[in-house]
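Read off the chains here:
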Amino acid sequence: MKRKIIGIFVCMLLIMTILPMTVLAGDPEHPEIKDELNDTDLSYLDIESAWFYEKADQPEYLYTALNVKSLNLKASAVLSIRWNYDGKNYVSGFETYRFKEDAFRSGDPKRASYWQWNNIPECEGTTDQTTNVITWKILKSNIGNPEKDDVLKNTRAAAVPNGYASFMYFFTGRDFRDFAPNKQYEYGLNYVVQY
């Protein structure tokens, strides 16, 4: 009987230590950022969700992922995820162009003017048109070197038309941008760094 109680106690202890690790990391089913669908007329700018995650075998990287309703790599747009770490703002951004090579970037956005945006370090990234997910692979050294148990706060995502498409607002009076969460000064969940 004593062995059973000790066995149960050990199992409960293992579950209690493993469970928080799975809850703290984001994934498509448990994203840090969620958004309403159909809150913009341009489906390639319609954000569904965004999340952060890491891989145990690559502790020097942070991954961010953004899911949109319909990924269109031929439309000019800037899709991004922003967060605050250690009192400083950071961004992972993906620029799509009609006539130019797409670019993944991540780091300090400063004021994010055109010239400053182009000086943000490029990073690795992938797009999946089957799942409509954009993924960034970010060197932690480019985003303040967060360490295990550090917290990324004030998480938000944005999708905006780029270049000439951004002027549609002035001609049509309609704002095609999408932000997640929708309301300004609202944020998604915090992300706790795992490795």
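As the structure is a prediction and not an experimental result, all values here were calculated from the model.

Participant: If you had to explain the environment of Val-91 to someone new, which residues and values would you point to?
Facilitator: Looking at the secondary structure, you find Val-91 in strand β5 (residues 88–96). Put simply, Val-91 and Ile-81 are 10 residues apart on the chain and 5.6 Å apart in space, counted from C-alpha to C-alpha.

Participant: Break down unusual backbone geometry for me, citing the residues and quoting the values.
Facilitator: That bond from Ala-180 to Pro-181 is cis: its omega, -10 degrees, falls within 30 degrees of zero. By secondary structure assignment, the location of Pro-181 is in the loop between β10 (178–180) and β11 (191–192). Phi at Asn-38 is positive, roughly 60 degrees, even though this residue is not glycine. Among the structural elements, Asn-38 can be located in the loop between β1 (33–34) and β2 (47–53). Unusually for a residue other than glycine, Asn-145 sits at a positive phi of about 55 degrees. Residue position: Asn-145 is located in the loop between β8 (133–139) and β9 (151–161). Owing to a relative accessible area of 45%, Asn-145 belongs among the partly exposed residues under this scheme.

Participant: I'd like a rundown of the sheet that holds strand β7 (residues 124–128), residues and numbers included.
Facilitator: One open sheet accounts for 5 strands, arranged β1-β2-β3-β8-β7; its pairing is antiparallel. Two strands bound the open sheet, and with one partner strand each, they are β1 and β7. The pairing of β1 with β2 spans 2 bridges and is antiparallel. Within the sheet, the bridge partner assigned to Ile-33 lies in β2 and is Ala-50.

Participant: An account of the environment of Pro-31 is needed here, citing residue identities and associated values.
Facilitator: One can find Pro-31 in the loop between α1 (2–24) and β1. Among all residues touching Pro-31, those that are not within four sequence positions of it are Ser-49, Ala-50, Trp-51 and Leu-189.

Participant: I'd like to hear about the packing of aromatic side chains, residue by residue, with values.
Facilitator: Across all of its chains, the model carries 6 aromatic pairs by this definition. Taken together, the aromatic side chains of Phe-52, Trp-83, Tyr-90 and Tyr-191 make up a single cluster linked through ring pairs. Taking NZ or CZ as reference, Lys-100 lies 4.4 Å from the ring centre of Tyr-97, over its face. For the cation-ring pair, Lys-137 lies above Tyr-61, with the distance from its terminal atom to the ring centre recorded as 4.5 Å.

Participant: Account for the environment of Ile-143, naming residues and giving values.
Facilitator: Take Ile-143: it is sitting in the loop between β8 and β9. A C-alpha to C-alpha distance of 8.4 Å links Ile-143 and Val-91, two positions 52 residues apart in sequence. In contact with Ile-143, other than residues within four places in its own chain, are Leu-62, Trp-83, Tyr-85, Tyr-90, Ser-106, Gly-107 and Ile-138.

Participant: Please give an account of the pairing of β9 that cites residues and values.
Facilitator: Looking at chain direction, strand β4 (residues 77–85) and β9 are connected through 7 bridges and run antiparallel. Opposite Ser-80, over in β9, you have Ala-158 as the bridge partner. Bridge count for β9 against β11 is 2 bridges, and the pairing is antiparallel. What sits directly across from Leu-152, in β11, is Tyr-191. The pairing of β9 with β10 spans 3 bridges and is antiparallel. By the bridge assignment, Ala-159 is partnered in β10 with Asp-178.

Participant: Describe in detail the side chain of Ser-106, supporting the description with residues and values.
Facilitator: With respect to the secondary-structure elements, Ser-106 resides in strand β6 (residues 103–107). A distance of 2.9 Å separates a polar side-chain atom of Ser-106 from the backbone oxygen of Val-91.

So, how was this worked out
Per chain, residue numbering runs from 1 following the sequence as it is written. In keeping with the model being predicted, local features are shown solely for residues with a pLDDT of at least 70 and side-chain atom pairs are shown and tallied solely at 80 or more, while totals for entire chains, interfaces and linings include all residues. To obtain the side-chain values, all non-hydrogen atoms of the structure were used and water was disregarded. Helix numbers and strand numbers start at the N terminus; a helix is a DSSP run of H or I with at least 4 residues, a strand a run of E with at least 2. Note on classification: 1.4 Å probe, protein chains only; a residue is buried when its accessible area is under 20% of the maximum for its type, exposed when over 50%, partly exposed between these limits. In this analysis, strands are considered paired if DSSP registers two or more bridges between them. Throughout, a contact is declared for two residues whenever any of their heavy atoms are within 4.5 Å. Within 6.5 Å between ring centres, the rings of Phe, Tyr and Trp (the latter by its six-membered ring) count as paired, and their orientation is classed by plane angle as stacked under 30 degrees, edge-to-face over 60, tilted in between. Comment: the charge-over-ring label is applied if NZ (Lys) or CZ (Arg) is within 6 Å of the ring centre and within 35 degrees of the ring normal. Between N or O atoms, a polar contact is any pair within 3.5 Å; within protein, one atom must be a potential hydrogen donor and the other a potential acceptor, and residues adjacent in sequence are included only when both atoms are from side chains.

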